[in-house]
Number of protein chains: 2
Amino acid sequence: MRFLHTADWHIGRRLHGFDLTAEQDHAFEQIKQLALDEHVDGVIIAGDLYDRSMPAEASVAQLNHMLQQLNLVAKLPIYAISGNHDSAIRLSTGTPWFKSTQFYMHTQLEQAFTPVELPDTQLFLLPYFEPFAAQQYFNDDSLQHLDQAFVPIINKMKSLFDPAKKHLLVSHFFVDGSATTESETQLKVGGLAAVSAGLLKDFDYVALGHLHGKDALHAKNARYSGSPVKFSLSEANQKKGVFIVDTEPFKLTFKPLTPLKDVQQLIEHFETLADKSFYENLKLDNYFGITLKDRKPIPNVMARLREIYPNIISLDRADGYETGIEDSGESGAQIRQKDPMDLLGDFYKQIAKDDLSPQQIKWAQEALKIADNGGLK
Amino acid sequence: MRFLHTADWHIGRRLHGFDLTAEQDHAFEQIKQLALDEHVDGVIIAGDLYDRSMPAEASVAQLNHMLQQLNLVAKLPIYAISGNHDSAIRLSTGTPWFKSTQFYMHTQLEQAFTPVELPDTQLFLLPYFEPFAAQQYFNDDSLQHLDQAFVPIINKMKSLFDPAKKHLLVSHFFVDGSATTESETQLKVGGLAAVSAGLLKDFDYVALGHLHGKDALHAKNARYSGSPVKFSLSEANQKKGVFIVDTEPFKLTFKPLTPLKDVQQLIEHFETLADKSFYENLKLDNYFGITLKDRKPIPNVMARLREIYPNIISLDRADGYETGIEDSGESGAQIRQKDPMDLLGDFYKQIAKDDLSPQQIKWAQEALKIADNGGLK
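A few points on the structure. (Residues numbered from 1 in each chain as written. Chains lettered and ligands numbered in written order. Predicted model: local features only at pLDDT ≥ 70, side-chain atom pairs only at ≥ 80, totals over all residues. Heavy atoms only, no water.)

## Some thoughts on the overall build of chain A
- The helix and strand tally for chain A stands at 13 helices and 18 strands.
- On C-alpha atoms alone, chain A measures out to a radius of gyration of 27 Å, which is more than a quarter above the 21 Å that the 2.2 N^0.38 rule sets for 377 residues.
- Considering only C-alpha atoms, chain A reaches an extent of 90 × 60 × 40 Å along its principal axes.
- Relative to its 377 residues, chain A shows a buried fraction of 46%.
- Here the analysis covers contacts within chain A between residues at least 6 apart in sequence; of these, 68% occur between residues at least 24 apart.
- Surface summary for chain A: the accessible area is close to 18200 Å², and the carbon and sulfur share equals 52%. (Helix = DSSP H or I, 4+ residues; strand = E, 2+ residues; numbered from the N terminus. Rg over C-alpha atoms; globule rule 2.2 N^0.38 Å. Buried < 20%, exposed > 50% of the residue type's maximum accessible area, 1.4 Å probe, protein only. Contact = heavy atoms within 4.5 Å. Areas by Shrake-Rupley, 256 points an atom, 1.4 Å probe, with all protein chains shown as cover.)

Below you can see the structure in the form of structure tokens.
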């Protein structure tokens, strides 16, 4: 059989204040078309359909539209689970009716043990869950962490294996022991305990959601599809897309998606950025994270850059700022030996170009005395 | 055909801080059983399924469970609309799939013009809408108020009438020109424009939601079912229930629901309320609104009453409080002629049992002078 594997749609997400609705709709249309062109037997969505557990009305309308398009108009089966960003309860609304059109949305742990039975494949849909849910389900208080909870979960699934079929798992969590190379991956773990990739070895394929880069994991039989859209500057260099998964013979094909507005990092001098011969080759409505190589102050820098690059999502300096404060040439050790009142006087002179007034000196001395005595009583 | 008409479930509503989940579940079970016992052809829910446009997860779980029980377990068709308390967008989640099991949930104005076609009845499901939606639908800016918008809406529905069938309308708004006798009715209108009952005369029956009392309207062919549960002390004397609607011959039968804990008003002296021979005849876990006939202060009155009546939703006095301030016997006219400083002195003496100090007199005189001059400049 052939599936399309996507995840982490995060409907409702914003990019540094910019609305991503059009970007997400654009990615969705490509996913739908790919699913049709590739004649897949179903679309797997491995969690985090929404960005928030309480999505705004506009997000609800957007995701409802997508799921209806995919399942009711394009007649594609959907195999979906809730992720840690979703409210399992809200996302479960309507799910008993969805099955009538081959739309499976699992939001509760126990649903993972009723695999979707396809002609030659068993699909286990394991939603994101908290260890507490596993403790309750297995009546076992010792399941304190996700990796512990996964042992009985996988064992129970294996007891349900039909040996005549392939076995696919759809899940949403952090898999350890994998070739995670990008630093952003670690940041995204967000306190979720890691599960060993070895635990998953008996599945023919594990369609994962949670990490936003398709290269977060390179296990033989387990992949993150990554998000269809870039959600931060740290994802600027990722290639976004979906996996086409063939089960017999097993084959994984990555299909890239084209962004409407890409997320791009520019590390340049202001002069370069403002030079037409530089920027005329860029797609200027992209989302730009700009890092200036300049150290000197540039008046109205953001406004001037926005005239050329309207969608700036961050602006910083590669090598810090020139402060305009003279360097006295003293070492840290020398400075630490100076009298605090002298230090304050030096500092004030550098910033305010003036000496402390007698009243200011008096206030500072009083404050110092209080500080020396252990603060205000 | 035979329908059960209910409305205004307001799932998520609280009664002066008390959780009504159990009360609403209890009413729901009776509604479901009535629908089964009466062999109805469907259950009409005329809006305000939720109490809030952004219901809590627990409310979502509760309503989802009810609708699944009714439609998927009891196999009863559902004909529902969104009310002004619902988010039309959130409530629309899953609705395209619901039709597969005869569960119709209309949340958009245009859906009102696709009647549900039953063997001998056309059911028009008109959700709550804002005049702006009608302006857009009819491309007519003059539809500023609900009563204006209803004219083309009803006309369009009538153009769709199948003369061989009965015509039922389900809607959620305030109908004017009816025998609304209870004062609470007026309060509940909440700024919604009223629609004339005459406009609705061509329907065999109009199943209404919005007002919480079944007696809010006594039109021949239009009724509010009222809410299944009492939501305020002002509803204490209402009889809650549902209507069984027969279309041929037309017959309306009110079926009362039994509350788990009723809402009840007590107007008594404290001594009576604390007398076992009085309260032993009451269902003490009811929700009580208590009005004391006493005028004297009663120490710890709420705590003492709660020992007997644990679920007090309000406490007030029928005839105000004794203040402990002596009545000087002066008339209002006499008092208004007194010097403001004398009045203040009298008042201070009554409250503080002391004379104003010279400093207080000075402050008061200064304040009076400023007030006489038109306030602080």
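Having put the structure on the table, let's press on.
## Considerations on the sheet that holds strand 14 (residues 241-247) of chain A
Residue and element names in this part refer to chain A.
- Judged by pairing direction, the sheet is mixed, and its six strands sit side by side in the order 6-5-4-1-14-15 without closing on themselves. With one partner strand each, in any of the chains shown, strand 6 (103-106) and strand 15 (250-256) form the two edges of the open sheet. Neighbour-to-neighbour, the strand axes of this sheet turn through a mean angle of 20°, independent of strand direction.
- With seven bridges connecting them, strand 14 and strand 15 associate as antiparallel partners. Residue pairing across strands places F243 opposite F254, the latter belonging to strand 15.
- Across the face of the sheet, helix 1 (residues 21-37) comes into contact with strand 1 (2-6), strand 4 (42-46), strand 14 and strand 15 while running at roughly 165° to strand 1. (Pairing = 2+ DSSP bridges. Axes fitted to C-alpha atoms, helices over the stretch in contact; angles between N-to-C directions.)

## What about the sheet that holds strand 18 (residues 312-317) of chain B?
Residues and elements named next belong to chain B.
- Read across the open sheet, the three strands follow the order 16-17-18; overall the sheet is parallel. If you trace the sheet from one side to the other, it starts and ends with strand 16 (263-268) and strand 18, each paired once. Taking the axes of each pair of neighbouring strands and ignoring which way they run, one obtains an average angle of 15° across the sheet.
- Sheet analysis places strand 17 (residues 287-292) next to strand 18, joined by five bridges and oriented parallel. Counterpart to F288 in the pairing with strand 18 is I312.
- Where helix 10 (residues 301-308) meets the sheet, it contacts strand 17 and strand 18, and its direction lies at approximately 135° from that of strand 18.

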